Amino acid sequence: RKEVEQDPGPFNVPEGATVAFNCTYSNSASQSFFWYRQDCRKEPKLLMSVYSSGNEDGRFTAQLNRASQYISLLIRDSKLSDSATYLCVVNGLTGGGNKLTFGTGTQLKVEL
Amino acid sequence: DAMVIQNPRYQVTQFGKPVTLSCSQTLNHNVMYWYQQKSSQAPKLLFHYYDKDFNNEADTPDNFQSRRPNTSFCFLDIRSPGLGDAAMYLCATSRSGHIYNEQFFGPGTRLTVL
């Protein structure tokens, strides 16, 4: 079983739609989680941190279910500029630093 | 603006010819990381430096080495690149390990091996 699993998509949605991505992780001891966004041929950029039961930032809502080892990202009122790959990331501590374990990403295409 | 800078952005090398990728940061973070991201795959941590302490991932091939001469700079050396080493190499930095610390990524170096 992969450490972090995501549906690769692509999700093709019309502008203004609500879309949800799911992610599962295998290590029940994991404590912190992120959603990163990656545009084509660019570096990953932090979209949201996911703490405790989840959090909201504008049109974006992240939820965490520790019992089910499940993380979700909800995007409301999708914009064309939301088109990207969304990476689910589990954060762990290693050798004084942090080890980010990435899922393979879910591709979103927002269309007119 | 404080940032993570990678040079070059694109690197072409020949099979077996050593190559060095560079990363610098103005964030004054004490942890620097190197990731490898192959096409359509997730970024994969190769190793990181916590200050001067080098931490290698168990499955990182010996072909990959790193140097950190000072806080600001970190280098990735590929001693004998193979065709399978063609990838985007991402440098990232963070403050010392705390479970909620964010990592800041540079723009990456795209390596082509001929």
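Residues numbered from 1 in each chain as written. Chains lettered and ligands numbered in written order. Predicted model: local features only at pLDDT ≥ 70, side-chain atom pairs only at ≥ 80, totals over all residues. Heavy atoms only, no water.

## Observations concerning the overall build of chain A
Okay, step 1: Within chain A one finds zero helices and eleven strands.
Okay, step 2: Principal-axis analysis of the C-alpha atoms gives chain A an extent of 45 × 30 × 25 Å.
Okay, step 3: Classification of the 112 residues of chain A by burial places 44% in the buried group.
Okay, step 4: Pairs at least 24 residues apart make up 56% of the contacts formed inside chain A by residues separated by at least 6 positions.
Okay, step 5: Across chain A, the 12 positively charged side chains and the 11 negatively charged ones have centroids separated by 5 Å. (Helix = DSSP H or I, 4+ residues; strand = E, 2+ residues; numbered from the N terminus. Buried < 20%, exposed > 50% of the residue type's maximum accessible area, 1.4 Å probe, protein only. Contact = heavy atoms within 4.5 Å. Lys, Arg positive; Asp, Glu negative; His and termini not counted. Charge placed at Lys NZ, Arg CZ, Asp CG, Glu CD.)

## Looking at the interface of chain A and chain B
Accessible area lost on assembly of the parts is the figure often given for the size of an interface.
Okay, step 1: The partner chain B presents 27 residues to the 23 residues of chain A that form the contact.
Okay, step 2: For the pair chain A and chain B, the summed buried area comes to about 2100 Å², and 55% of that belongs to carbon and sulfur atoms.
Okay, step 3: A salt bridge links Glu57(B) to Lys99(A), with the nearest nitrogen and oxygen atoms 2.7 Å apart.
Okay, step 4: Our count for the contact surface shared by chain A and chain B stands at five residue pairs in polar contact (both at pLDDT 80 or more).
Okay, step 5: For the side of chain A that touches chain B, the secondary structure elements donating two or more residues are β4 (32-38), β5 (44-50), β9 (84-94) and β10 (97-102) of chain A.
Okay, step 6: The element contributing the most residues to the side of chain A that touches chain B is β10(A), with five residues.
Okay, step 7: Split by residue class, the side of chain A that touches chain B holds eight nonpolar, twelve polar and three charged. (Buried area = accessible area lost by both parts, 1.4 Å probe. Salt bridge = Lys/Arg side-chain N within 4 Å of Asp/Glu carboxyl O. Polar contact = N/O pair within 3.5 Å; in protein donor to acceptor, adjacent residues only side chain to side chain. Nonpolar A, V, L, I, M, F, W, Y, C, P; charged D, E, K, R; others polar.)

## Re the environment of Ser52(A)
Okay, step 1: Mapped onto the secondary structure, Ser52(A) falls in the loop between β5 and β6 (54-57).
Okay, step 2: Each C-alpha atom, one on Ser52(A) and one on Val19(A), is 22 Å from the other, the two residues being 33 residues apart in sequence.

## Looking at the environment of Leu114(B)
Residues and elements named next belong to chain B.
Okay, step 1: With respect to the helices and strands, Leu114 occurs in the segment after β11 (109-113).
Okay, step 2: For the pair Leu114 and Gly16, spaced 98 residues apart in sequence, the C-alpha to C-alpha distance is 9.4 Å.
Okay, step 3: The contact partners of Leu114, leaving out residues within four places of it in the chain, are Val12, Thr13, Gln14, Phe15 and Leu83.

## Side note on the sheet that holds strand β1 (residues 4-7) of chain B
Residue and element names in this part refer to chain B.
Okay, step 1: If you walk across this open sheet you meet the four strands as β1-β3-β8-β7, and the pairing is antiparallel. For this open sheet the edge positions go to β1 and β7 (64-67), each flanked by a neighbour on one side alone. Within the sheet, the average angular offset between the axes of one strand and its neighbour, ignoring direction, is 20°.
Okay, step 2: Here β1 pairs with strand β3 (residues 19-25) via four bridges, running antiparallel. Paired with Gln6 across the bridge in β3 is Cys23. (Pairing = 2+ DSSP bridges. Axes fitted to C-alpha atoms, helices over the stretch in contact; angles between N-to-C directions.)

## A short note on the sheet that holds strand β7 (residues 60-65) of chain A
Residues and elements named next belong to chain A.
Okay, step 1: The strand order across the open sheet formed by five strands is β1-β3-β8-β7-β6, and the pairing between neighbours is antiparallel. Every other strand in the sheet has two partners, leaving β1 (4-6) and β6 as the edge strands with one partner each. Neighbour-to-neighbour, the strand axes of the sheet open up by a mean angle of 15°, direction not taken into account.
Okay, step 2: As judged from the three bridges shared by β1 and strand β3 (residues 19-25), these two strands associate in the antiparallel manner. Across the sheet, the residue bridging to Val4 is Tyr25, located in β3.

## Comments concerning the nonpolar core
All names here are of chain A.
Okay, step 1: The biggest cluster of nonpolar side chains holds 23 residues, and the ones touching the most others in it are Phe21, Trp35, Ile71, Leu73, Ile75, Tyr86 and Leu108.
Okay, step 2: Listed by contribution, the elements that provide at least two residues to this core are β3, β4, β5, β7, β8 (70-75), β9 and β11 (106-111).
Okay, step 3: Non-local contacts of Leu73, meaning those with residues more than four positions away in its chain, are made with Val19, Ala20, Phe21, Trp35, Leu47, Met48, Phe60, Thr61 and Tyr86. (Core = buried A, V, L, I, M, F, W, Y, C linked by side-chain atoms within 4.5 Å.)

## Side note on the environment of Ala42(B)
Okay, step 1: Tracing the sequence through the fold places Ala42(B) in the loop between β4 (31-37) and β5 (44-50).
Okay, step 2: Here Ala42(B) falls in the buried class, since its relative accessible area comes to 15%.
Okay, step 3: In this structure the C-alpha to C-alpha distance between Ala42(B) and Pro107(B), which are 65 residues apart in sequence, comes to 16 Å.
Okay, step 4: Excluding residues that lie within four positions of it along the chain, Ala42(B) makes contacts with Phe102(A), Gly103(A), Thr104(A), Gln36(B) and Gln37(B).

Note that every value here comes from positions in space, so none of it alone points to a role or purpose.
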